[in-house]
Amino acid sequence: MDKSSNPRRPSASVGGDSDRGPSPQSVKFARRTSSGRVVSLSRDDEIDVPGDYAAQNDYINYTVLMPPTPDNQPGASGGAAAAAATSSGDKPDGPTTFRAPSSRFRSETQQRGRAGGGDGGDGGGDAAGKLDRRMSVLKNNNNNKSMLLRSQTQEFDHNRWLFETKGKYGIGNAFWQDDSFDHDTGMSMQDFMDKPWKPLTRKVQVPGGVISPYRVLIVIRMIALTMFLIWRVQNPNREAMWLWGISIVCEIWFAFSWLLDILPKFNPINRAADLAALKDKFETPGPSNPTGRSDLPGMDVFISTADPDKEPPLVTANTILSILAVNYPIEKVSIYISDDGGAILTFEAMAEAVKFAEVWVPFCRKHDIEPRNPDSYFSQKMDPTKNKKRPDFVKDRRWIKREYDEFKVRINGLPEVIHKRCKMYNKNEEMQEKKLVKEKNNGVIPPDHKFEVTKATWMADGTHWPGTWFNPAPDHAKGDHAGILQIMSKVPDNDPIMGGPDEKRLDFTGIDIRLPMFAYVSREKRKCYDHNKKAGAMNALVRASAILSNGAFILNLDCDHYIYNSMAIREGMCYMMDRGGDRICYIQFPQRFEGIDPSDRYANHNTVFFDGNMRALDGLQGPVYVGTGCMFRRYALYGFPPPRANEYSGVFGQNKAPVKNMVHPQSEEEAPLTSGHPDLDLPKKFGNSNMFTESIAVAEFQGRPLADHFSVKNGRAPGALLMPRPPLDAPTAAEAIAVISCWYEDKTEWGDRIGWIYGSVTEDVVTGYRMHNRGWRSVYCITKRDAFRGTAPINLTDRLHQVLRWATGSVEIFFSRNNAILATSRLKFLQRIAYLNVGIYPFTSIFLVVYCFLPALSLFSGKFIVQSLDIHFLSYLLIITLCLVFISLLEVKWSGIGLEEWWRNEQFWVIGGTSAHLVAVIQGLLKVIAGIEISFTLTSKSTGEDEDDIYADLYVVKWTGLFIMPLFIIIMNLVALVIGFSRTVYSVIPEWSKLFGGAFFSFWVLVHMYPFAKGLMGRRGRVPTIVYVWAGLISITSSLLWIVISPPPGNADDTASLKF
């Protein structure tokens, strides 16, 4: 089959083959391809391939050389074939002895020449040499090499590559030639024997059988709501236009609010991290890490506290102990506590915690204790010996339990110890003062002399405490004290320090007894400065930690949120160190709470938000930052844009395009902080600390993922973080104290574009929004075992004040430049909707309060929001309600929350909406219009006085103005039910449909208000019976009075005769 398909380029094998005839091993044929795959090549023709032979051809003649195999032995038969097979390294069939050759990749002609040489030769050697010369031409010509290795479409040609390398099976981990290195391709056997590249995380999509109906039902309900509202507008109630108008406005707003809440839930996802892959990449010995030392980046952990009276030191100490024992490379962890109150009680409690940690942390490592908060660990209602293999566990646990009990006694006794110490030292000061006066007056104290001895607060070493004193004095009061930085646990050695058999009465043989670095920080405060509450304290920690440890990542925790899963930091690091992790600004963990009453009366667990809304946002640009349990990229906190970002254009952001130029952004928010001359800009933006500005580039590099795959962009080389940390010296500590001074932020961009953002009581949401607005992404990390656990206020008053603070911050966001309407094009459309809902949801309270009064007004007036309960109204109501029920059930399915949790969330939405949210809107408007500042107190972390009942605080009733509106709504609806029933019963023509309509909605309001009413009643059995009696009498009296004032139609003559 020899056809010339291209007249401009005749086949190179035509002439030669007509003279000599085709070789028995050559098969020639012509085949049409899209571009011409390979050149014409025959082992019997002289090969002279020009450099431009890779031009496009539609038809080409080419020769396929059949590789020799045990079934295809050219030029040999019988015993010769067996001999050739044996000499070529093939295993013949049968019991023939197999002898491996010295070279595995030997060509067919070389094998045949070798066999022929043994027999004296018959010309086979000439043929072999001829082909070898031709192949040498190919090997020496770079153009020919590229032609043979790839086709003209730049696709790999496996057949030609096999022919060129004279191989039978190619290369791989099953068969490899002896020299083990291919100088042409740069590959060796080790490339195939190494473990394949493995991602650290993966996305787990919600099953289609759940998410698809969920989306369809959302669309159906949107259509049904639209049709219902159109019908409502077109069918007014002429008898009660005012009632109809109010209800229409409220229902339109509720539909709008529901859309803002449901649209970001269209794409929920789950994620999973691979801790084994993280260990293999960063802590396994290899060429770049011969010793197997950890190559993970540094982690700085921030804990914030402000008042030891509301945030007990024992709770904070337990949090510190859980962090000190975290399962992360010890030399990579640094812990900082910000005491914004400058209290000596917190300072000395932390010193006691570090001392106890010397035995607690090795105990946790030895026996793999979970959780590593001692108070939570010893309070568990389970068998402590479960899964414990060491025979000395029971003895060790008993001993450490006694040590912890003594530790608690010391912590709880600190206030008395400190007061006694201060009293003693102040008495000595007074005696010294008297002695000096006597010496000046010849041993006599003048009768009119007044001793003015300052009642100072003293440390254990006999020096004045530089922070806040018990008796406030100049430079020693809240809001007016010096900066304090104390490193209580030094920087650990880079190599493990193993314990011994008698390590403080516990056998720590083979256990690393090092502790992470721990520092106490209290920033300087002066009366003439605005210290910006918690946000200012966190920014001070950012600067101080950059000087002392400069961890590439920062974990932010509240003082009552401890590490429940010692591997939590590693799971978060999987996302930061994975491919594309350099675009992640923070990892948000869900908040889990302990000490909540079993019924969760006030929805303290908030699982609908943490397991529903946040999981859905993870499928967009990422979850919002919620204040605690968040792992930040330090470089992102500095206000820099991500290395890569996308822009979204179009009405719904449907057009996605990568940002081409990250250096010249379009708005001030997107502008990088290093634009212009660094010597001029950096001090202006970050402050005048050269040591701090030099740490920025280091933190950025250390936070990069490992460049172990060609798809990893902006990575770092393996083994780059193996060097030990330098020890701290006096100049470094002095610089750290300087950057926490109150004047450091003057004329800088701290709090404006750098660090935690100022100007809102919900600085957490604003800080996360600014990062997303620059193009960063965030990730929601739900671990199998809860990462962190904390406490939440179970008292109704404290819970409402907490919600009030959040809602007020949302109103501030709505009236600021942080409103999502003003966001940049780097924010996804649905992410913009989610942030818009954050600022708008408190305003729903206005319409909710009005709507909760509508049933009562309907029953009072005898009218309803529609003229009659006709089939259209009831059909629309049924469809909308059923869709909502099925949507909620599917949401419960993909989020994993319980039906009871969902119902509690619905109830508290009404309670909070009619109380705290309404007050938040009023306060926000007063701040915007009149400039009235809003102040809040800390949420108390202490429990009730009843130590026998851990839920005693649930029944404590603390009156607050937030109770007024919900209480008024309850009373109005109860009275309206009695009046409506009485009106209908005494009517000549009872209108039961209107009664049922009003009564149904009144019951809807009362059922949602039930937890509020139960909270006002206090502990069960403590409400006097007279309360119920008076409530019934007032309702009956009010109903009769209303009938007299507004008699039912047709009964005016009868009721007119009634007199009191």
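For the structure given in this document, a descriptive report is provided here. (Residues numbered from 1 in each chain as written. Predicted model: local features only at pLDDT ≥ 70, side-chain atom pairs only at ≥ 80, totals over all residues. Heavy atoms only, no water.)

**A short note on the overall build of the protein**
The helix and strand inventory of the protein stands at 33 helices and 21 strands. Burial statistics for the protein: of 1060 residues in total, 51% are counted as buried. Carbon together with sulfur atoms contributes 58% to the accessible area of the protein, which is approximately 50400 Å² in total. (Helix = DSSP H or I, 4+ residues; strand = E, 2+ residues; numbered from the N terminus. Buried < 20%, exposed > 50% of the residue type's maximum accessible area, 1.4 Å probe, protein only. Areas by Shrake-Rupley, 256 points an atom, 1.4 Å probe, with all protein chains shown as cover.)

**Describing the pairing of strand S7 (residues 299-305)**
In terms of burial, S7 is largely enclosed, as seven of its seven residues are buried. Side-chain alternation along S7 places Met299, Val301, Ile303 and Thr305 on one buried face and Asp300, Phe302 and Ser304 on a second face that is also buried. As defined by bridge partners, S7 adjoins strand S8 (residues 333-339) across seven bridges and the pair is classed as parallel. In the strand pairing of S8, Ser304 is matched with Ser338. After leaving S7, the chain enters helix H11 (residues 313-324) and then returns to the sheet as S8, a path that is right-handed. As paired elements, S7 and strand S13 (residues 553-558) share six bridges and run parallel to each other. Counterpart to Ile303 in the pairing with S13 is Leu557. (Pairing = 2+ DSSP bridges. Right-handed = clockwise from strand over helix to strand, strands pointing away.)

**Focus: the packing of aromatic side chains**
Counted under the stated rule, the structure contains 49 aromatic pairs. Relative to Phe847, the ring of Trp253 has its centre 4.8 Å away and its plane inclined at 15°; by these criteria the two rings are stacked. Placement of Trp253 in helix H9 (residues 241-262) and of Phe847 in helix H26 (residues 844-861) is noted, with a sequence separation of 594 residues between them. Seen from their ring centres, Trp360 and Phe378 are 6.0 Å apart, and the 55° between their planes marks the pair as tilted. Residue Trp360 is located in helix H12 (residues 344-367), and its partner Phe378 is located in helix H13 (residues 374-378); the two are separated by 18 residues in the primary sequence. A single burial state applies to Trp360 and to Phe378, both of which are buried. Chaining the aromatic ring pairs together yields one cluster made of Phe228, Trp231, Phe864, Phe873, Tyr876, Phe1000 and Phe1001. Lying across the ring of Phe378, Lys401 places its NZ or CZ 5.6 Å from the centre. Between Arg799 and the ring centre of Phe908, over which it is positioned, the NZ or CZ distance is 4.6 Å. (Phe/Tyr/Trp six-rings, centres within 6.5 Å; stacked < 30°, edge-to-face > 60°. Lys NZ or Arg CZ within 6 Å of the ring centre and 35° of its normal.)

**Description of H12**
In this model, H12 (24 residues) spans 34 Å end to end at C-alpha, consistent with the 34 Å of a helix rising 1.5 Å per residue. Along its length, H12 reaches its greatest deviation from straightness, about 45°, at Ala357. Of all 24 residues in H12, 20 are buried, a share of seventy percent or more. Following H12 by one or two positions, Asp368 adopts a phi angle in the positive range, close to 55°. (Expected span 1.5 Å × (residues − 1). Bend = angle between axes of the 7 residues up to and from the residue.)

**Description of the sheet that holds strand S14 (residues 562-563)**
Spatially, the three strands line up as an open sheet ordered S14-S21-S16, and their pairing is mixed. In this open sheet, the two edge strands, each paired with only one partner strand, are S14 and strand S16 (592-594). Pairing of S14 with strand S21 (residues 788-791) involves two bridges; the strand directions are antiparallel. Of the residues in S21, the one forming a bridge with Tyr562 is Arg789.

**Focus: the pairing of S8**
Burial within S8 is extensive, with seven of its seven residues counted as buried. Residues Val333, Ile335, Ile337 and Asp339 of S8 are buried on one face, and the alternating residues Ser334, Tyr336 and Ser338, pointing to the opposite face, are buried as well. Two strands pair when backbone bridges link them, and S8 and strand S12 (residues 517-522) are joined in this way by five bridges, in the parallel orientation. Counted as the bridge partner of Ile337 is Tyr520 from S12.

**Observations concerning helix H10 (residues 275-282)**
In an α-helix, one full turn covers 3.6 residues, which means residues spaced three or four apart are oriented alike. All of the buried residues in H10 are Ala277, Leu278 and Phe282. Buried residues in H10, looked at end-on, bunch into an arc of 110°, giving them a common side. Among the structural elements, helix H17 (568-577) are those in contact with the buried residues of H10. Two to three positions downstream of the cap, the backbone nitrogen of Ala276 sits 3.2 Å from a side-chain oxygen, assigning the N-cap of H10 to Asp274. (Arc of directions from axis to C-beta. Contact = heavy atoms within 4.5 Å. Polar contact = N/O pair within 3.5 Å; in protein donor to acceptor, adjacent residues only side chain to side chain.)

**Some words on the pattern of salt bridges**
Tallying each qualifying case throughout the model produces 40 salt bridges. Here Arg526 ties to Asp475 by a salt bridge, and the two come within 3.2 Å at their closest N and O atoms. With Arg526 in the loop between S12 and helix H16 (533-548) and Asp475 in the loop between helix H15 (414-440) and strand S9 (476-477), the pair connects residues that are 51 residues apart, well separated along the chain. Among the residues examined, Asp475 registers a relative accessible area of 42% and is labelled partly exposed. (Salt bridge = Lys/Arg side-chain N within 4 Å of Asp/Glu carboxyl O.)

**Points about unusual backbone geometry**
Across the junction of Glu370 and Pro371, the peptide omega takes the value -10°, indicating a cis bond. Here Pro371 lies in the loop between H12 and H13. Phi at Asp600 takes a positive value of approximately 50°, unusual for a residue other than glycine. Judged by relative accessible area, which is 8%, Asp600 ranks as buried. Look at Asn714: it is not a glycine, yet its phi comes out positive at around 55°. Among the structural elements, Asn714 can be located in the loop between helix H21 (690-702) and helix H22 (730-738).

Spatial relationships are all this shows, so hold off on functional conclusions.
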